[in-house]
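Breakdown of the fold
This is what each chain is made of:
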Amino acid sequence: MIVRYLIILFITLFSNDLNCQNLDSLRIVQIDSLISLVPDVTMKNDNYSNIQESGLIYKKVLGVFKKRIGSVSTEIIFNDTLIYRILNIYQYKKDNERMIEIFNYSDNKLIRYEKELTIQKDLDTTSILKHKILAYFDNYRLIKHFDTIHDNFIFDKSEQIKVTGLASIEIYNTLESLRVLNKYAPGIPEIRLRKHINE
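Residues numbered from 1 in each chain as written. Predicted model: local features only at pLDDT ≥ 70, side-chain atom pairs only at ≥ 80, totals over all residues. Heavy atoms only, no water.

**Regarding the environment of Leu142**
The line we're drawing: The numbering of helices and of strands both runs from the N terminus, where a helix is a DSSP run of H or I of at least 4 residues and a strand a run of E of at least 2. The contact rule is simple, with two residues in contact once any of their heavy atoms fall within 4.5 Å.
Note that Leu142 resides in strand S7 (residues 141–149). Separated by 31 residues in sequence, Leu142 and Ile111 have C-alpha atoms that sit 9.0 Å apart. If sequence neighbours within four positions are ignored, Leu142 has contacts with Ala135, Tyr136, Phe137, Phe155 and Gln160.

**Looking at the side chain of Lys115**
Tracing the sequence through the fold places Lys115 in strand S5 (residues 109–119). Those residues in contact with Lys115, other than ones at most four positions away along the chain, are Met99, Ile100, Glu101, His131, Lys132, Ile133, Phe153 and Glu159.

**Let's talk about the pattern of salt bridges**
Let me state the cut-off plainly: The term salt bridge refers to a side-chain nitrogen of Lys or Arg lying within 4 Å of a carboxyl oxygen of Asp or Glu. The buried label goes to any residue with under 20% of its type's maximum accessible area, the exposed label to any with over 50%, and the partly exposed label to all in between, with areas taken from a 1.4 Å probe on protein chains only.
A full pass over the atoms with the stated rule returns 6 salt bridges. One salt bridge in this structure joins Lys132 and Glu116, with 3.8 Å as the shortest N-O distance. One end of the pair, Lys132, is in strand S6 (residues 128–138); the other, Glu116, is in strand S5, with 16 residues separating them in the sequence. A residue is classified by how much of its surface remains accessible, and Lys132, at 42% relative accessible area, is partly exposed. Among the ionic contacts, a cluster of salt bridges with common partners joins Asp32, Arg112 and Glu114.

**Let's talk about the nonpolar core**
Using the following cut-off: We define the nonpolar core as a collection of buried residues of types Ala, Val, Leu, Ile, Met, Phe, Trp, Tyr and Cys that are connected through side-chain atoms lying within 4.5 Å of one another.
Ile83, Phe103, Tyr105 and Leu110 are the most contacted members of the largest nonpolar core, which totals 19 residues. If one sorts the elements of this core by residue count, helix H2 (residues 157–184) sits on top with 5 residues. In this view, Tyr105 contacts Ile83, Tyr84, Ile86, Leu110, Ile111, Ala167, Glu170 and Ile171; residues no more than four positions away in its chain are not counted. Core analysis: the next-biggest nonpolar cluster, separate from the first, contains 7 residues, Ile57, Ile69, Val72 and Leu117 among them.

**Notes on the packing of aromatic side chains**
Applicable threshold: When the centres of two rings from Phe, Tyr and Trp lie within 6.5 Å, Trp using its six-membered ring, the rings pair. Their planes under 30 degrees apart give stacked, over 60 give edge-to-face, and anything left gives tilted.
Enumeration according to the criterion identifies 3 aromatic pairs in this entry. Summarising the aromatic geometry, the rings of Tyr48 and Tyr84 are spaced 5.2 Å apart at their centres and angled 75° between planes, so their arrangement reads as edge-to-face. Of the two residues, Tyr48 is situated in the loop between helix H1 (2–36) and strand S1 (49–61) and Tyr84 in strand S3 (residues 82–92); the sequence distance between them amounts to 36 residues. Residue Tyr84 is classed as buried on the basis of its relative accessible area, which comes to 19%. Ring geometry for Phe103 and Tyr113: centres 5.2 Å apart, planes at 50°, overall tilted.

Here it is as structure tokens:
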């Protein structure tokens, strides 16, 4: 009798696990289809606007002097107060390191995060992939992530918390910038800004 209950319990738990996996797979397909609706070029579609920012990255040397260590560019695709994509490209002088971060949103909540870090030792050689992350989120809960890692980077729980925190900061700063821009320059579909980052 006890064995029968244990077998029924095991089958129930196993079927629930399979159902959750199917729901997560369906949510990933839904997220990818939502992201494919957002155009890469916003000029052809009046429903979307973009903001492009570029600037320099500085590091303090001896606590006083600023040394330029790289550059950054950002592109934000939005419609009114809904942010759809924030693309950050960081280019560092050391080892010609390049990091690309893409935050994709739905209803201003993170749904997909992409990060790719490459280095290029010489100008003649091709880029070497250090790590690449593709993570899907549903209401700030990690659904699934795919990674290709060739260094000591680990996409663990603390890194997931860091990513969701960064996504929240990015969305807050972007909405605040849009509020200011709409106040002083309403109706401009494409905006280019300069920014500086201090590390």
